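Chain by chain, the residues:
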Protein chains: 2
Amino acid sequence: MSESASDEPRNAEDQVIGVADSIVELRTEDGDGARAHQLNLTKPPGSLGQLESLGVQLAAIAGTSVPPLAEPGAIAVFAGDHGVHAEGVSPWPQEVTAQMVLNFCAGGAAINVIGRANDNKLVVVNAGVAIPLPDHQLLRNTPIRQGTANLRLEPAMSRAEAAEAIMLGIETANELVSSGARCLMTGDMGIGNTTPSAAIIAAVTGQDPRQITGRGTGIDDATLDLKTKVIQDALVRLSETDCQSGDGLGLLSEIGGLEIGAIAGLCLGGASLRVPVILDGVISVAGALLAQQIQPAVVDYLVAGHRSVEPAATAALAHLELEPILEMDLRLGEGSGAGLAYPIVRTAARIMVEMATFESASIDSNDG
Amino acid sequence: MSESASDEPRNAEDQVIGVADSIVELRTEDGDGARAHQLNLTKPPGSLGQLESLGVQLAAIAGTSVPPLAEPGAIAVFAGDHGVHAEGVSPWPQEVTAQMVLNFCAGGAAINVIGRANDNKLVVVNAGVAIPLPDHQLLRNTPIRQGTANLRLEPAMSRAEAAEAIMLGIETANELVSSGARCLMTGDMGIGNTTPSAAIIAAVTGQDPRQITGRGTGIDDATLDLKTKVIQDALVRLSETDCQSGDGLGLLSEIGGLEIGAIAGLCLGGASLRVPVILDGVISVAGALLAQQIQPAVVDYLVAGHRSVEPAATAALAHLELEPILEMDLRLGEGSGAGLAYPIVRTAARIMVEMATFESASIDSNDG
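Just so it is clear, the model here is predicted, and its values are computed rather than measured. (Residues numbered from 1 in each chain as written. Chains lettered and ligands numbered in written order. Predicted model: local features only at pLDDT ≥ 70, side-chain atom pairs only at ≥ 80, totals over all residues. Heavy atoms only, no water.)

Engineer: How should the overall build of chain A be read in this particular structure?
Structural biologist: Scanning chain A for helices and strands turns up 15 helices and six strands. At 20 Å, chain A has a C-alpha radius of gyration in line with the 21 Å of a compact globule built from 368 residues. If one aligns the C-alpha atoms of chain A with their principal axes, the spans along those axes are about 70 × 45 × 40 Å. Each of the 368 residues in chain A was classed as buried or not, and the buried ones make up 65%. On chain A, roughly 12,400 Å² of surface is accessible, and the fraction owed to carbon and sulfur atoms is 48%. (Helix = DSSP H or I, 4+ residues; strand = E, 2+ residues; numbered from the N terminus. Rg over C-alpha atoms; globule rule 2.2 N^0.38 Å. Buried < 20%, exposed > 50% of the residue type's maximum accessible area, 1.4 Å probe, protein only. Areas by Shrake-Rupley, 256 points an atom, 1.4 Å probe, with all protein chains shown as cover.)

The structure is reproduced here in structure tokens:
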């Protein structure tokens with residue numbers, strides 16, 4: 001905090017630290033009551049596998065033996081543009097970010113369909129799209145800035161803007177939970193945003209960019225080589241700044257992006273409110289890594305919705321020690337993998353709430 | 001068909017063959033229209049991974065470019081007992097099969113919770129529980145016989161009974177689809193039924209029982225050794241009968257069980273009606289192998305809901321060439337893995353029906 005010079009940034013950064021400090025680390029024994037309850041349910045112990053561990057996590061998050069229902073769920077899709085697009089790291093025109101935001105508002109994108117299928121609320125947040133967007137009832141239209149600077153050449157944003165991006169996510173979490181959401185999902189839209197995500201993941205995990213840089217929405221070999229080189233250059237530049245290891249805000253400031261910072265904020269905000277947050281793919285796990293740098297305990301509140309095809313996602317999940325629910329070769333973003341995993345999370349809670357016990361159903365256990 | 005001697009069996013077997021013959025094999029080009037439609041949707045090509053291939057399969061099943069909604073779904077849980085229980089292959093008392101049927105009817109089991117979470121209809125079918133069951137509105141109470149004979153020592157049932165078990169599943173499919181179901185799910189309940197399932201899978205795939213016999217709902221090393229030996233003995237006995245390779249009815253008759261035969265019937269029935277069938281775990285994939293023996297084209301209509309912990313399930317899925325949707329270390333049965341996968345199948349259809357195209361949403365494709 002002492003590093004910020006102006007008044008404005010100090011304020012947002014203090015707010016972020018305040019929320020991060022309010023997050024309660026969960027202990028293994030916080031799941032004991034839920035584990036005991038699971039043993040009484042009419043099924044062989046452990047037979048629901050990952051659904052049972054999810055149920056225990058949901059209970060521990062709420063501080064109860066039987067978790068509250070994780071319903072309704074809400075998906076927040078954060079949109080932002082990236083100065084690094086100028087390097088040619090994506091085959092898509094940058095305008096597609098804004099066009100897709102309009103598509104989200106019109107209800108025609110994949111995440112709209114996925115969200116509707118499970119009765120989830122969807123909000124779209126303009127965290128930093130390069131061009132001005134028209135207002136819409138689904139859109140929180142408060143960009144921090146119009147796209148980031150080019151991470152290969154200079155800091156993507158100021159430290160103050162980084163704190164504001166995170167606060168945008170925290171405020172989104174607060175509003176969604178205030179309006180009734182009991183499970184949050186992260187989503188992203190930003191042409192070129194697998195580049196900063198891979199750079200963040202390489203910086204935090206220490207993995208070689210050549211190992212974890214992926215093809216994003218689909219690039220050829222030459223573009224993959226270029227993208228890898230851009231990330232390598234960014235990491236060299238990062239090493240020459242005074243950003244220390246473990247400084248999530250500093251890392252976000254150097255690499256970006258605005259939507260990735262907001263996703264980190266959604267994670268921190270959800271955790272501070274003791275509401276589970278389901279992560280989408282590589283952009284979201286990069287955001288989760290930033291959140292973890294700011295407050296390690298945030299991970300206790302996170303559920304990995306899926307394992308993205310992007311190799312950086314696997315590196316990040318390993319670092320977060322999260323086992324994804326789905327592995328369906330998804331690489332769309334938007335929150336699609338989080339939204340597809342949601343009905344499974346919802347059911348994990350319902351199992352704990354609704355299933356009969358051996359005693360109530362008069363069923364012999366295999367001890368009998 | 002010429003092998004059946006009495007009148008009764010010939011009738012049921014003829015019916016099974018009639019339904020099997022009505023199943024239309026799908027060709028790769030039956031998915032071409034759906035694949036073309038996918039390319040127009042507002043997402044990078046292929047970015048929804050397995051969700052896209054599911055959408056293509058659903059369209060091909062219906063014979064359309066855009067599939068019908070896979071809603072509502074219906075879960076059929078087939079219950080049966082097994083003479084092989086006398087060998088001590090399960091730690092659970094046989095009475096638990098009947099007790100769990102009552103639990104299904106009362107709405108307290110895992111599959112009830114999972115089904116309700118996704119608005120699925122649930123029917124329970126008494127295919128052959130060892131003790132008489134009281135009637136209930138959710139229960140189709142028409143057992144073929146009260147449990148099978150001990151597969152280690154003798155045929156589990158007659159060939160006529162095997163055909164009747166399959167017809168029970170076919171009739172269940174007919175009724176569910178008549179009452180509006182547009183996606184079927186298989187489920188099972190039968191203490192001891194991982195033993196016949198592993199035996200069927202070993203017989204069809206040629207895998208060594210020592211490699212594929214699993215711990216079911218949870219058995220110790222000594223019981224696992226016993227269970228493996230029982231399966232080995234059954235396979236030796238099978239090899240001494242006149243049951244030929246590829247004779248699904250003969251294999252069902254020798255090994256059982258009644259609920260496994262009914263699951264095979266649900267697969268055949270769904271396929272004959274061009275409705276997708278989501279398979280649950282090891283019991284269901286054993287049933288699917290029986291169905292495949294009777295009509296190889298049935299596999300085109302099947303979706304593997306999940307990969308069970310049981311090693312035999314993986315052998316069967318490989319033989320069926322099906323890639324499961326979920327891998328959550330489930331080993332409960334009841335249809336739990338099929339029910340958990342259902343919202344993903346439902347969403348795969350909705351994506352095709354509801355998503356905007358690049359043109360309709362005025363979005364640049366990356367060719368532009």
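Engineer: Before we go on, may I ask you to explain the relation of the copies chain A and chain B in this structure?
Structural biologist: A rotation about an axis combined with a shift along that same axis relates the two copies of the chain. When chain A is fitted to chain B, the residual RMSD is 0.0 Å, and the transformation amounts to a turn of 180° plus an axial shift of 0.0 Å. Interpreted geometrically, this transformation is the action of a two-fold axis. The fraction of interface residues of chain A whose copies in chain B are also interface residues reaches 98%, indicating that both copies meet through the same surface. (Least-squares fit on C-alpha atoms with pLDDT ≥ 70 in both. Contact = heavy atoms within 4.5 Å.)

Engineer: What am I meant to see in the packing of helix 2 (residues 32-40) of chain A against helix 3 (residues 49-62) of chain A here?
Structural biologist: Packed helices, taken two at a time, are described by their axes: the angle between them and the distance between them. Residues and elements named next belong to chain A. Where helix 2 contacts helix 3, the two axes come as close as 8 Å, and the packing angle between them is 140°. When the axis of helix 2 is compared with that of helix 3, the two are oblique. Of the two elements, helix 2 crosses helix 3, and the hand of that crossing is right-handed. Facing Ala34, Arg35 and Gln38 of helix 2, the residues of helix 3 in contact are Glu52, Gly55, Val56 and Ala59. Split into classes, the residues belonging to the contact of helix 2 with helix 3 amount to three nonpolar, two polar and two charged. (Axes fitted to C-alpha atoms, helices over the stretch in contact; angles between N-to-C directions. Parallel < 35°, antiparallel > 145°, perpendicular 65-115°, else oblique. Left-handed = near helix turned anticlockwise from the far one by under 90°. Nonpolar A, V, L, I, M, F, W, Y, C, P; charged D, E, K, R; others polar.)

Engineer: What is the right way to read the pairing of strand 2 (residues 121-128) of chain A from this model?
Structural biologist: Regular strands have side chains that alternate between both faces of the sheet. Residue and element names in this part refer to chain A. Counting buried positions over the eight residues of strand 2 gives seven, a clear majority of the element. Examined bridge by bridge, strand 1 (residues 73-80) and strand 2 share seven bridges and lie parallel to one another. Paired with Gly80 across the strands is Gly128, a residue of strand 2. Sheet analysis places strand 2 next to strand 3 (residues 139-140), joined by two bridges and oriented parallel. Counterpart to Val125 in the pairing with strand 3 is Arg140. (Pairing = 2+ DSSP bridges.)

Engineer: What should I look at first to understand the sheet that holds strand 2 (residues 121-128) of chain B in this one?
Structural biologist: What holds strands together in a sheet is hydrogen bonding between their backbones, with the strands either parallel or antiparallel. All names here are of chain B. Spatially, the six strands line up as an open sheet ordered 3-2-1-4-5-6, and their pairing is parallel. The open sheet has two free edges, formed respectively by strand 3 (139-140) and strand 6 (302-304), since each of these has just one partner strand. Those strands touched by helix 14 (residues 336-354) are strand 1 (73-80), strand 4 (183-189), strand 5 (277-279) and strand 6, and its axis lies near 170° from that of strand 4.

Engineer: What is the right way to read the pattern of salt bridges from this model?
Structural biologist: Side chains carrying opposite charge are able to pair once their charged atoms draw close together. Counted by the stated rule, this structure contains 34 salt bridges over all chains. Glu52(A) is paired through a salt bridge with Lys43(A); the nearest N and O atoms lie 2.9 Å apart. Classification of Glu52(A) as buried rests on a relative accessible area of 12%. Look at Lys43(A) and you get buried, because its relative accessible area is 2%. A salt bridge links Arg237(B) to Glu254(B); the nearest nitrogen and oxygen atoms lie 2.6 Å apart. Of the two residues, Arg237(B) sits in helix 9 (residues 221-239) while Glu254(B) sits in helix 10 (residues 248-255), which places them 17 residues apart along the sequence. The pair Arg237(B) / Glu254(B) is uniform in exposure class, with both members buried. What you see here is one network of salt bridges that share partners, running through Glu87(A), Arg152(A), Lys229(A) and Asp233(A). (Salt bridge = Lys/Arg side-chain N within 4 Å of Asp/Glu carboxyl O.)

Engineer: It is not clear to me how the environment of Leu235(A) should be interpreted in this structure. Could you clarify?
Structural biologist: Residues and elements named next belong to chain A. Within the element layout of this structure, Leu235 appears in helix 9 (residues 221-239). Under the relative-accessibility criterion, Leu235 is labelled buried at 18%. Spatially, the C-alpha atom of Leu235 lies 9.1 Å from that of Pro209, the residues being 26 residues apart in sequence. Sequence-distant contacts of Leu235, that is, excluding residues within four places in its chain, are made with Ala199, Ala202, Ala203 and Pro209.

Engineer: Is there a simple way to explain the interface of chain A and chain B in this structure?
Structural biologist: Reports often express the size of an interface as the amount of accessible area lost when the parts come together. Listed per partner, the contact involves 54 residues of chain A and 53 residues of chain B. Both sides together, the interface formed by chain A and chain B hides about 4,400 Å², and carbon and sulfur atoms give 63% of it. Counting the contacts that link chain A with chain B gives two salt bridges. For Arg116(A), the salt bridge identified is with Glu354(B), shortest N-O distance 2.8 Å. Counting across the chain A and chain B interface gives 20 residue pairs in polar contact (both at pLDDT 80 or more). Of the residues forming the side of chain A that touches chain B, the biggest block, nine residues, is contributed by helix 14 (residues 336-354) of chain A. (Buried area = accessible area lost by both parts, 1.4 Å probe. Polar contact = N/O pair within 3.5 Å; in protein donor to acceptor, adjacent residues only side chain to side chain.)

Engineer: So what exactly am I meant to see when it comes to the sheet that holds strand 6 (residues 302-304) of chain A here?
Structural biologist: With parallel pairing, six strands are arranged side by side in an open sheet as 3-2-1-4-5-6 (chain A). Edge strands, defined here as strands with exactly one partner in the open sheet, are strand 3 and strand 6 of chain A.

Engineer: Sorry if this is basic, but what is going on with the confidence of the model for chain A here?
Structural biologist: One rule of thumb: low pLDDT means the predicted coordinates there are not for detailed reading. Residues and elements named next belong to chain A. When the pLDDT values of chain A are averaged, the result is 95; 96% of them are 70 or greater. Note on residues 1-6: pLDDT under 50 across the span, and nine contacts to partners over four residues away in sequence or across chains. Here the predicted complex scores 0.96 on pTM and 0.95 on ipTM. (pLDDT = per-residue confidence, 0-100.)

Engineer: Please explain unusual backbone geometry as it appears in this structure.
Structural biologist: Only a minority of non-glycine residues have a phi that is not negative, and only a minority of peptide bonds are not trans. Residues and elements named next belong to chain A. Residue Gly257 is bonded to the preceding Gly256 through a cis peptide linkage, with omega at -5°. Inspection of the secondary structure puts Gly257 in the loop between helix 10 (248-255) and helix 11 (258-272). The backbone phi angle of Glu321 is positive, close to 60°, even though this residue is not glycine. Look at Ser362: it is not a glycine, yet its phi comes out positive at around 55°. Among the structural elements, Ser362 can be located in the segment after helix 15 (358-361).

Engineer: Explain the packing of aromatic side chains here, please?
Structural biologist: How two aromatic rings sit relative to each other is given by the distance of their centres and the angle of their planes. By the definition in use, this model includes two aromatic pairs over all chains. Between Trp92(A) and Phe358(B), the aromatic rings sit 6.2 Å apart at their centres with planes inclined by 25°, giving stacked as the arrangement. Linking Trp92(A) in the loop between strand 1 and helix 4 (95-106) with Phe358(B) in helix 15 (residues 358-361), this pair reaches from one chain into another. (Phe/Tyr/Trp six-rings, centres within 6.5 Å; stacked < 30°, edge-to-face > 60°.)

Engineer: Just checking my understanding: could you explain the packing of helix 6 (residues 159-178) of chain A against helix 11 of chain A for this structure?
Structural biologist: All names here are of chain A. Running from amino to carboxyl end, helix 6 crosses helix 11 at an angle of 45°, the nearest separation of the two axes being 6 Å. With respect to helix 11, the element helix 6 is oriented oblique. Between helix 6 and helix 11 the crossing geometry is right-handed. Each of Ala165, Ile166, Gly169, Ile170, Thr172 and Ala173 in helix 6 lies in contact with helix 11, whose residues at this interface are Leu258, Gly261, Ala262, Gly265, Leu266, Leu268, Gly269 and Gly270. The residue makeup of the contact of helix 6 with helix 11, split by class, is eight nonpolar, six polar and no charged.

Engineer: Before we go on, may I ask you to explain the state of the cysteines in this structure?
Structural biologist: Two cysteines, two sulfur atoms, one covalent bond between them: this is a disulfide. Scanning the entire structure with this criterion turns up zero disulfides over all chains. Looking at the unpaired Cys243(A), the closest cysteine sulfur is the one in Cys267(A), lying at 19 Å. Of all cysteine sulfurs, the one in Cys183(B) lies closest to Cys267(B), which takes part in no disulfide; the gap is 12 Å. (Disulfide = S-S within 2.5 Å.)

Engineer: Sorry if this is basic, but what is going on with a nonpolar patch on the surface here?
Structural biologist: A cluster of nonpolar side chains, Val66(A), Leu69(A) and Val353(A), forms an exposed patch at the surface whose accessible area comes to about 200 Å². Relative to the helices and strands, Val66(A) resides in the loop between helix 3 and strand 1. (Patch = residues over 30% accessible without salt bridge, like charges linked within 9 Å, V, L, I, M, F, W, Y side chains within 5 Å.)

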